[in-house]
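Read off the chains here:
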Amino acid sequence: MDILFYHPSADSNDWIARIMAQLPNANVYTYHQGATQTADYALVWDPTREILSHQDNLKGIFILGAGVDKILNQQKRMPGLLPQNVPLYRLEDAGMALQMQEYAIASVMRYFRRLDEYYQQQQHKQWHVLSAHSYEEFVIGVMGLGVLGEQVATRLAALGFKVKGWSRSKKSIDHVDCYSQNQHDEFISGTKLLINLLPCTPQTQGILNKSLFTKLEDGAYLINLARGNHVVEEDLLNAIANKKIKAATLDVFATEPLPSEHPFWCTPEITITPHISALTQADKAIPQIVEKILRIEKGEKVAEGLIDLEKGY
Ligand code: NAP
Ligand code: GLV
(Lines give C-alpha, C1' and ligand atoms only; values in the text may rest on other atoms or scores of the structure.)
(Ligands and ions follow the chains in the order given, each with its own letter.)
Protein backbone atom coordinates (compact mmCIF):
# COMPACT_ATOMS: atom_id res chain seq x y z
CA MET A 1 0.00 0.00 0.00
CA ASP A 2 1.32 3.47 -0.91
CA ILE A 3 0.62 6.42 1.37
CA LEU A 4 1.35 10.02 0.50
CA PHE A 5 2.01 12.36 3.43
CA TYR A 6 2.05 16.13 3.01
CA HIS A 7 2.03 18.82 5.71
CA PRO A 8 3.74 22.16 5.04
CA SER A 9 4.93 22.71 8.61
CA ALA A 10 4.98 19.34 10.42
CA ASP A 11 8.07 17.16 10.87
CA SER A 12 7.38 14.84 7.89
CA ASN A 13 10.11 12.34 8.81
CA ASP A 14 8.66 11.91 12.27
CA TRP A 15 5.12 11.44 10.91
CA ILE A 16 6.29 8.98 8.25
CA ALA A 17 8.22 6.93 10.82
CA ARG A 18 5.19 6.82 13.10
CA ILE A 19 2.84 5.77 10.27
CA MET A 20 5.25 3.04 9.14
CA ALA A 21 5.53 1.77 12.71
CA GLN A 22 1.79 1.06 12.60
CA LEU A 23 1.63 -0.03 8.96
CA PRO A 24 4.94 -1.85 8.47
CA ASN A 25 4.03 -3.07 4.99
CA ALA A 26 3.13 0.36 3.69
CA ASN A 27 5.34 2.55 1.55
CA VAL A 28 4.93 6.00 3.07
CA TYR A 29 6.49 8.98 1.33
CA THR A 30 6.21 12.73 1.26
CA TYR A 31 5.49 14.88 -1.76
CA HIS A 32 8.35 16.32 -3.76
CA GLN A 33 7.93 18.61 -6.71
CA GLY A 34 7.20 16.89 -10.00
CA ALA A 35 6.44 13.52 -8.36
CA THR A 36 4.00 11.43 -10.38
CA GLN A 37 3.82 8.37 -8.09
CA THR A 38 0.22 7.49 -7.26
CA ALA A 39 -0.90 6.50 -3.78
CA ASP A 40 -3.73 4.50 -2.19
CA TYR A 41 -4.22 7.02 0.60
CA ALA A 42 -3.22 10.64 1.14
CA LEU A 43 -2.71 12.26 4.55
CA VAL A 44 -2.56 15.99 3.93
CA TRP A 45 -2.88 19.46 5.38
CA ASP A 46 -3.16 22.47 3.10
CA PRO A 47 -2.10 20.68 -0.12
CA THR A 48 -1.36 22.61 -3.31
CA ARG A 49 -3.11 21.64 -6.55
CA GLU A 50 -0.23 19.57 -7.94
CA ILE A 51 -0.10 17.33 -4.86
CA LEU A 52 -3.47 15.62 -5.28
CA SER A 53 -4.80 16.46 -8.75
CA HIS A 54 -3.00 13.54 -10.51
CA GLN A 55 -3.82 11.04 -7.74
CA ASP A 56 -6.23 8.75 -9.62
CA ASN A 57 -5.99 5.67 -7.38
CA LEU A 58 -6.87 7.16 -4.01
CA LYS A 59 -9.25 5.27 -1.76
CA GLY A 60 -9.31 8.00 0.87
CA ILE A 61 -7.94 11.45 1.68
CA PHE A 62 -7.32 12.20 5.35
CA ILE A 63 -7.17 15.85 6.38
CA LEU A 64 -4.74 16.27 9.28
CA GLY A 65 -7.07 18.49 11.28
CA ALA A 66 -10.70 18.89 12.34
CA GLY A 67 -11.76 21.70 10.03
CA VAL A 68 -12.01 21.26 6.26
CA ASP A 69 -13.12 24.78 5.31
CA LYS A 70 -9.77 25.72 3.78
CA ILE A 71 -9.48 22.73 1.47
CA LEU A 72 -13.16 22.95 0.42
CA ASN A 73 -12.78 26.68 -0.33
CA GLN A 74 -9.62 25.98 -2.33
CA GLN A 75 -11.44 23.26 -4.24
CA LYS A 76 -14.15 25.81 -5.14
CA ARG A 77 -11.54 28.29 -6.36
CA MET A 78 -9.41 25.63 -8.10
CA PRO A 79 -11.69 22.80 -9.27
CA GLY A 80 -9.61 19.64 -9.63
CA LEU A 81 -7.59 20.23 -6.46
CA LEU A 82 -9.34 17.18 -5.00
CA PRO A 83 -9.73 14.11 -7.22
CA GLN A 84 -13.41 13.31 -7.79
CA ASN A 85 -15.36 10.75 -5.76
CA VAL A 86 -12.62 10.07 -3.22
CA PRO A 87 -13.94 10.02 0.37
CA LEU A 88 -12.59 12.92 2.41
CA TYR A 89 -12.05 12.34 6.12
CA ARG A 90 -11.17 14.71 8.95
CA LEU A 91 -9.84 14.09 12.44
CA GLU A 92 -12.46 13.62 15.13
CA ASP A 93 -11.17 14.64 18.55
CA ALA A 94 -7.80 12.82 18.35
CA GLY A 95 -6.66 14.70 21.45
CA MET A 96 -8.19 18.03 20.41
CA ALA A 97 -11.25 17.94 22.68
CA LEU A 98 -9.13 17.90 25.84
CA GLN A 99 -7.03 20.78 24.53
CA MET A 100 -10.20 22.74 23.71
CA GLN A 101 -11.58 22.07 27.18
CA GLU A 102 -8.35 23.30 28.77
CA TYR A 103 -8.30 26.45 26.65
CA ALA A 104 -12.00 27.16 27.24
CA ILE A 105 -11.74 26.65 31.01
CA ALA A 106 -8.66 28.88 31.24
CA SER A 107 -10.33 31.67 29.24
CA VAL A 108 -13.71 31.41 30.98
CA MET A 109 -12.14 31.44 34.44
CA ARG A 110 -9.95 34.41 33.56
CA TYR A 111 -13.06 36.45 32.76
CA PHE A 112 -15.27 34.93 35.47
CA ARG A 113 -12.70 35.79 38.17
CA ARG A 114 -11.93 39.12 36.41
CA LEU A 115 -8.22 38.31 36.24
CA ASP A 116 -7.98 40.29 32.99
CA GLU A 117 -9.19 43.39 34.82
CA TYR A 118 -6.90 42.80 37.82
CA TYR A 119 -4.00 42.48 35.39
CA GLN A 120 -4.90 45.88 33.92
CA GLN A 121 -5.12 47.34 37.43
CA GLN A 122 -1.66 46.01 38.21
CA GLN A 123 -0.26 47.92 35.24
CA HIS A 124 -1.38 51.10 37.03
CA LYS A 125 -0.48 49.90 40.56
CA GLN A 126 -4.21 50.03 41.50
CA TRP A 127 -5.58 48.11 44.48
CA HIS A 128 -9.31 47.92 43.92
CA VAL A 129 -11.66 45.04 44.71
CA LEU A 130 -14.14 44.35 41.91
CA SER A 131 -17.57 42.78 42.47
CA ALA A 132 -17.62 39.05 41.76
CA HIS A 133 -19.53 37.49 38.88
CA SER A 134 -22.07 34.87 39.91
CA TYR A 135 -22.71 31.50 38.30
CA GLU A 136 -26.40 32.47 37.87
CA GLU A 137 -25.59 35.53 35.79
CA PHE A 138 -22.55 34.17 33.92
CA VAL A 139 -24.46 32.07 31.37
CA ILE A 140 -22.24 30.41 28.77
CA GLY A 141 -23.38 29.75 25.20
CA VAL A 142 -21.54 27.26 23.01
CA MET A 143 -22.16 27.51 19.27
CA GLY A 144 -21.50 24.12 17.67
CA LEU A 145 -22.17 20.96 19.67
CA GLY A 146 -20.09 18.57 17.60
CA VAL A 147 -17.10 16.52 18.66
CA LEU A 148 -15.37 19.50 20.30
CA GLY A 149 -18.28 21.74 21.30
CA GLU A 150 -20.13 19.01 23.18
CA GLN A 151 -17.08 18.18 25.29
CA VAL A 152 -16.38 21.84 26.03
CA ALA A 153 -20.01 22.47 27.01
CA THR A 154 -20.13 19.37 29.23
CA ARG A 155 -16.91 20.28 31.04
CA LEU A 156 -18.03 23.86 31.70
CA ALA A 157 -21.39 22.62 33.00
CA ALA A 158 -19.51 20.27 35.36
CA LEU A 159 -17.75 23.34 36.79
CA GLY A 160 -21.14 24.75 37.80
CA PHE A 161 -21.88 27.12 34.92
CA LYS A 162 -25.27 27.36 33.24
CA VAL A 163 -24.45 26.21 29.72
CA LYS A 164 -26.55 26.57 26.58
CA GLY A 165 -25.61 24.96 23.30
CA TRP A 166 -26.64 25.51 19.69
CA SER A 167 -26.30 23.17 16.73
CA ARG A 168 -27.92 22.46 13.39
CA SER A 169 -29.77 19.40 14.71
CA LYS A 170 -31.20 19.30 18.22
CA LYS A 171 -28.98 17.53 20.75
CA SER A 172 -29.65 16.06 24.15
CA ILE A 173 -26.65 16.57 26.45
CA ASP A 174 -26.75 16.16 30.23
CA HIS A 175 -26.70 19.52 32.08
CA VAL A 176 -26.61 21.55 28.83
CA ASP A 177 -29.69 23.39 27.48
CA CYS A 178 -29.66 22.47 23.80
CA TYR A 179 -31.16 24.53 20.98
CA SER A 180 -31.44 23.69 17.29
CA GLN A 181 -30.74 25.85 14.26
CA ASN A 182 -34.07 27.74 14.17
CA GLN A 183 -33.90 28.50 17.91
CA HIS A 184 -30.89 30.80 17.68
CA ASP A 185 -32.61 33.77 19.35
CA GLU A 186 -33.68 31.66 22.34
CA PHE A 187 -30.16 30.27 22.55
CA ILE A 188 -28.41 33.61 22.44
CA SER A 189 -30.70 35.50 24.80
CA GLY A 190 -29.19 35.77 28.28
CA THR A 191 -25.74 34.63 27.11
CA LYS A 192 -22.93 36.40 28.96
CA LEU A 193 -20.03 34.46 27.44
CA LEU A 194 -20.15 33.02 23.94
CA ILE A 195 -17.80 30.28 22.73
CA ASN A 196 -17.68 29.54 19.01
CA LEU A 197 -16.93 25.98 17.90
CA LEU A 198 -18.83 25.90 14.61
CA PRO A 199 -17.27 24.71 11.38
CA CYS A 200 -16.79 27.52 8.87
CA THR A 201 -19.25 26.92 6.03
CA PRO A 202 -21.19 29.22 3.68
CA GLN A 203 -23.97 29.17 6.33
CA THR A 204 -21.77 30.09 9.30
CA GLN A 205 -19.21 32.45 7.77
CA GLY A 206 -19.63 35.92 9.32
CA ILE A 207 -22.04 34.62 11.96
CA LEU A 208 -20.26 36.54 14.72
CA ASN A 209 -21.61 39.88 13.60
CA LYS A 210 -23.39 43.00 14.81
CA SER A 211 -26.82 41.39 14.77
CA LEU A 212 -25.64 38.53 17.01
CA PHE A 213 -23.59 40.77 19.32
CA THR A 214 -26.68 42.98 19.91
CA LYS A 215 -28.57 39.96 21.28
CA LEU A 216 -25.92 39.07 23.88
CA GLU A 217 -26.05 40.38 27.45
CA ASP A 218 -24.45 43.80 27.85
CA GLY A 219 -20.73 43.57 28.61
CA ALA A 220 -20.54 40.05 27.15
CA TYR A 221 -17.43 38.02 26.44
CA LEU A 222 -16.51 36.23 23.21
CA ILE A 223 -14.14 33.28 22.81
CA ASN A 224 -13.56 32.26 19.21
CA LEU A 225 -11.88 28.88 18.88
CA ALA A 226 -13.16 27.89 15.45
CA ARG A 227 -12.25 30.06 12.44
CA GLY A 228 -11.42 33.73 11.87
CA ASN A 229 -13.92 33.97 9.01
CA HIS A 230 -16.76 33.48 11.48
CA VAL A 231 -16.09 37.02 12.74
CA VAL A 232 -17.07 40.26 11.04
CA GLU A 233 -14.01 42.05 12.34
CA GLU A 234 -15.34 45.60 12.08
CA ASP A 235 -18.51 44.60 13.96
CA LEU A 236 -16.42 43.09 16.76
CA LEU A 237 -14.28 46.22 17.07
CA ASN A 238 -17.44 48.38 17.17
CA ALA A 239 -19.09 46.11 19.75
CA ILE A 240 -16.00 46.44 21.94
CA ALA A 241 -15.83 50.21 21.42
CA ASN A 242 -19.49 50.61 22.48
CA LYS A 243 -18.97 48.18 25.39
CA LYS A 244 -21.58 45.67 24.20
CA ILE A 245 -18.68 43.24 24.29
CA LYS A 246 -16.37 43.67 27.24
CA ALA A 247 -13.55 41.42 26.06
CA ALA A 248 -12.74 38.77 23.48
CA THR A 249 -10.25 35.94 23.26
CA LEU A 250 -9.41 35.05 19.68
CA ASP A 251 -7.38 32.01 18.68
CA VAL A 252 -8.18 32.16 14.96
CA PHE A 253 -8.12 34.91 12.35
CA ALA A 254 -9.24 35.52 8.78
CA THR A 255 -5.57 36.09 7.88
CA GLU A 256 -2.98 34.01 9.72
CA PRO A 257 -0.47 34.95 10.95
CA LEU A 258 -2.37 38.06 12.01
CA PRO A 259 -0.72 40.97 10.11
CA SER A 260 1.31 43.30 12.33
CA GLU A 261 -0.80 46.33 11.32
CA HIS A 262 -4.09 44.62 12.28
CA PRO A 263 -6.13 46.66 14.83
CA PHE A 264 -6.80 43.55 16.97
CA TRP A 265 -3.17 43.63 18.16
CA CYS A 266 -3.64 47.06 19.75
CA THR A 267 -7.10 46.52 21.23
CA PRO A 268 -6.51 45.90 24.96
CA GLU A 269 -9.83 44.08 25.33
CA ILE A 270 -8.71 41.45 22.81
CA THR A 271 -6.50 38.52 23.80
CA ILE A 272 -4.74 36.82 20.91
CA THR A 273 -3.24 33.35 20.62
CA PRO A 274 -1.71 31.97 17.40
CA HIS A 275 -4.22 29.24 16.48
CA ILE A 276 -3.11 26.86 19.22
CA SER A 277 -6.29 26.05 21.12
CA ALA A 278 -6.22 22.47 19.77
CA LEU A 279 -3.23 21.24 17.81
CA THR A 280 -3.03 18.05 15.78
CA GLN A 281 -1.12 15.45 17.77
CA ALA A 282 0.60 12.76 15.68
CA ASP A 283 0.41 10.14 18.45
CA LYS A 284 -3.39 10.50 18.62
CA ALA A 285 -4.14 11.26 14.95
CA ILE A 286 -2.20 8.38 13.36
CA PRO A 287 -3.96 5.51 15.18
CA GLN A 288 -7.34 7.02 14.20
CA ILE A 289 -6.32 7.24 10.53
CA VAL A 290 -4.64 3.82 10.48
CA GLU A 291 -7.74 2.20 11.97
CA LYS A 292 -9.82 3.69 9.15
CA ILE A 293 -7.35 2.63 6.45
CA LEU A 294 -7.40 -0.96 7.72
CA ARG A 295 -11.21 -0.99 7.69
CA ILE A 296 -11.35 0.44 4.16
CA GLU A 297 -8.82 -2.22 3.07
CA LYS A 298 -11.19 -4.87 4.42
CA GLY A 299 -13.95 -3.41 2.24
CA GLU A 300 -15.84 -1.69 5.06
CA LYS A 301 -17.63 1.62 4.51
CA VAL A 302 -16.19 4.03 7.06
CA ALA A 303 -18.61 6.77 8.08
CA GLU A 304 -16.81 8.30 11.09
CA GLY A 305 -15.15 11.59 10.18
CA LEU A 306 -16.43 11.42 6.59
CA ILE A 307 -17.04 14.92 5.22
CA ASP A 308 -20.48 15.68 3.86
CA LEU A 309 -19.59 17.89 0.90
CA GLU A 310 -23.15 19.26 0.71
CA LYS A 311 -23.03 20.46 4.33
CA GLY A 312 -19.39 21.52 4.07
CA TYR A 313 -18.22 19.87 7.30
P1 NAP B 1 -18.11 18.95 14.24
O2 NAP B 1 -18.01 17.72 15.05
O3 NAP B 1 -18.36 18.83 12.78
O4 NAP B 1 -19.24 19.85 14.91
C5 NAP B 1 -19.79 20.95 14.27
C6 NAP B 1 -21.01 21.42 15.05
O7 NAP B 1 -21.48 22.62 14.47
C8 NAP B 1 -22.15 20.40 15.01
O9 NAP B 1 -22.83 20.38 16.23
C10 NAP B 1 -23.05 20.98 13.91
O11 NAP B 1 -24.42 20.64 14.04
C12 NAP B 1 -22.88 22.47 14.15
N13 NAP B 1 -23.22 23.24 12.95
C14 NAP B 1 -22.69 23.16 11.72
N15 NAP B 1 -23.28 24.02 10.88
C16 NAP B 1 -24.23 24.65 11.62
C17 NAP B 1 -25.19 25.65 11.31
N18 NAP B 1 -25.31 26.17 10.08
N19 NAP B 1 -26.01 26.07 12.31
C20 NAP B 1 -25.92 25.53 13.54
N21 NAP B 1 -25.02 24.58 13.89
C22 NAP B 1 -24.19 24.16 12.94
O23 NAP B 1 -16.79 19.83 14.39
P24 NAP B 1 -15.70 19.80 15.56
O25 NAP B 1 -14.79 18.66 15.42
O26 NAP B 1 -16.40 19.97 16.85
O27 NAP B 1 -14.86 21.12 15.20
C28 NAP B 1 -15.48 22.39 15.09
C29 NAP B 1 -14.56 23.39 14.46
O30 NAP B 1 -13.51 23.74 15.34
C31 NAP B 1 -13.78 22.88 13.22
O32 NAP B 1 -14.57 22.92 12.07
C33 NAP B 1 -12.62 23.84 13.15
O34 NAP B 1 -12.93 24.95 12.35
C35 NAP B 1 -12.45 24.31 14.60
N36 NAP B 1 -11.16 23.87 15.18
C37 NAP B 1 -10.28 24.81 15.58
C38 NAP B 1 -9.08 24.43 16.15
C39 NAP B 1 -8.11 25.44 16.68
O40 NAP B 1 -6.99 25.09 17.03
N41 NAP B 1 -8.50 26.70 16.81
C42 NAP B 1 -8.78 23.06 16.28
C43 NAP B 1 -9.70 22.13 15.84
C44 NAP B 1 -10.91 22.54 15.30
P45 NAP B 1 -24.89 19.12 13.87
O46 NAP B 1 -24.36 18.41 15.10
O47 NAP B 1 -26.36 19.19 13.86
O48 NAP B 1 -24.28 18.62 12.60
C1 GLV C 1 -7.33 23.26 13.34
O2 GLV C 1 -7.70 24.39 13.26
C3 GLV C 1 -8.10 22.15 12.90
O4 GLV C 1 -9.10 22.35 12.19
O5 GLV C 1 -7.73 21.01 13.24
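Read on for an overview of the structure. (Residues numbered from 1 in each chain as written. Chains lettered and ligands numbered in written order. Predicted model: local features only at pLDDT ≥ 70, side-chain atom pairs only at ≥ 80, totals over all residues. Heavy atoms only, no water.)

What to know about the environment of T249
With respect to the element layout, T249 can be found in strand β11 (residues 245–250). With relative accessibility at 3%, the residue T249 sits in the buried group. For the pair formed by T249 and D2, sequence separation is 247 residues and the distance between their alpha carbons is 42 Å. Setting aside residues up to four positions removed in sequence, T249 forms contacts with Y103, S107, R110, Y111, L222, I223, N224 and T271. (Helix = DSSP H or I, 4+ residues; strand = E, 2+ residues; numbered from the N terminus. Buried < 20%, exposed > 50% of the residue type's maximum accessible area, 1.4 Å probe, protein only. Contact = heavy atoms within 4.5 Å.)

Observations concerning the side chain of Q288
With respect to the helices and strands, Q288 occurs in helix α10 (residues 282–297). The buried category is assigned to Q288, whose relative accessible area is 18%.

A look at the sheet that holds strand β12 (residues 270–272)
Within the open sheet, the seven strands sit side by side as β8-β7-β6-β9-β10-β11-β12. Their pairing is parallel. Two strands bound the open sheet, and with one partner strand each, they are β8 (176–179) and β12. Each strand axis lies, on average, 15 degrees off the axis of its neighbour in the sheet, ignoring direction. Here strand β10 (residues 220–224) runs beside β11; their pairing, made up of five bridges, is parallel. In the sheet register, Y221 faces β11, and the bridge partner there is A247. Contacts between helix α4 (residues 96–112) and the sheet are confined to β6 (140–143), β9 (193–196), β10, β11 and β12, with β11 contributing the most and set at about 155 degrees to the helix. (Pairing = 2+ DSSP bridges. Axes fitted to C-alpha atoms, helices over the stretch in contact; angles between N-to-C directions.)

A look at the pattern of salt bridges
The final tally for this structure, using the stated rule, is 14 salt bridges. Where K59 meets D40, a salt bridge forms, and the shortest distance between an N and an O atom there is 3.9 Å. Taken together, the positions of K59 in the loop between α2 (49–52) and β4 (60–63) and D40 in the loop between β2 (27–30) and β3 (41–44) put the pair 19 residues apart, joining distant regions of the chain. Overall, K59 belongs to the partly exposed group, its relative accessible area being 34%. Note that R114 and E117 form a salt bridge whose closest N and O atoms lie 2.9 Å from each other. Judged by its relative accessible area of 12%, R114 is buried. (Salt bridge = Lys/Arg side-chain N within 4 Å of Asp/Glu carboxyl O.)

A short note on the packing of α4 against helix α6 (residues 147–158)
Between α4 and α6, the shortest axis-to-axis distance is 9 Å and the interhelical angle comes to 45 degrees. Of the possible angle classes, the one that applies to α4 and α6 is oblique. Here α4 and α6 pass one another in a crossing that is right-handed. Contact with α4, carried on its side by M96, A97, L98, M100, Q101, A104, I105 and V108, involves V147, L148, Q151, V152, R155 and L156 of α6 and no other residues of that element. (Parallel < 35°, antiparallel > 145°, perpendicular 65-115°, else oblique. Left-handed = near helix turned anticlockwise from the far one by under 90°.)

Side note on the site of ligand 2
The environment of ligand 2 is made up of G65, A66, G67, M96, R227 and H275. For ligand 2, an oxygen atom lies 2.7 Å from a polar atom in the side chain of R227. Burial of ligand 2 by the protein chains amounts to 85% of its free accessible area of 190 Å². Taken together, the residues of the shell around ligand 2 break down into two nonpolar, three polar and one charged. (Near = heavy atom within 4 Å. Polar contact = N/O pair within 3.5 Å; in protein donor to acceptor, adjacent residues only side chain to side chain. Areas by Shrake-Rupley, 256 points an atom, 1.4 Å probe, with all protein chains shown as cover. Nonpolar A, V, L, I, M, F, W, Y, C, P; charged D, E, K, R; others polar.)

A short note on the site of ligand 1
Residues in contact with ligand 1 amount to 31 residues; listed here are only the nearest, R90, S169, K171, L225 and Y313. In this structure, G146 approaches ligand 1 through a main-chain N or O atom, which is 3.0 Å from an oxygen atom. Between V147 and ligand 1, the recorded distance is 2.9 Å, taken from a backbone N or O atom to an oxygen atom. Sorting the residues of the shell around ligand 1 by element identifies α4 and α6 as the ones contributing at least two each. With three residues, α6 is the single largest residue contributor to the shell around ligand 1.

Some remarks on the layout of surface pockets
Quantified by volume, the second largest pocket comes out at close to 510 Å³. Lining the second largest pocket are 25 residues, with L72, Q75, L82, L88 and L309 sitting closest to its centre. Of the residues forming the lining of the second largest pocket, the biggest block, five residues, is contributed by helix α3 (residues 69–77). Looking at the lining of the second largest pocket, its residues break down into 13 nonpolar, eight polar and four charged. (1 Å grid on protein atoms, 1.4 Å probe; cavity = no way out; pocket = protein on both sides within 12 Å on 5 of 7 lines; lining within 4 Å. Points joined across faces, edges and corners; volume = space filled by probe spheres on them.)

Thoughts on the environment of T267
Along the polypeptide, T267 turns up in the loop between β11 and β12. Residues T267 and Q75, spaced 192 residues apart in sequence, show a C-alpha to C-alpha distance of 35 Å. Dropping the residues within four chain positions of it, T267 is found in contact with L237 and I240.

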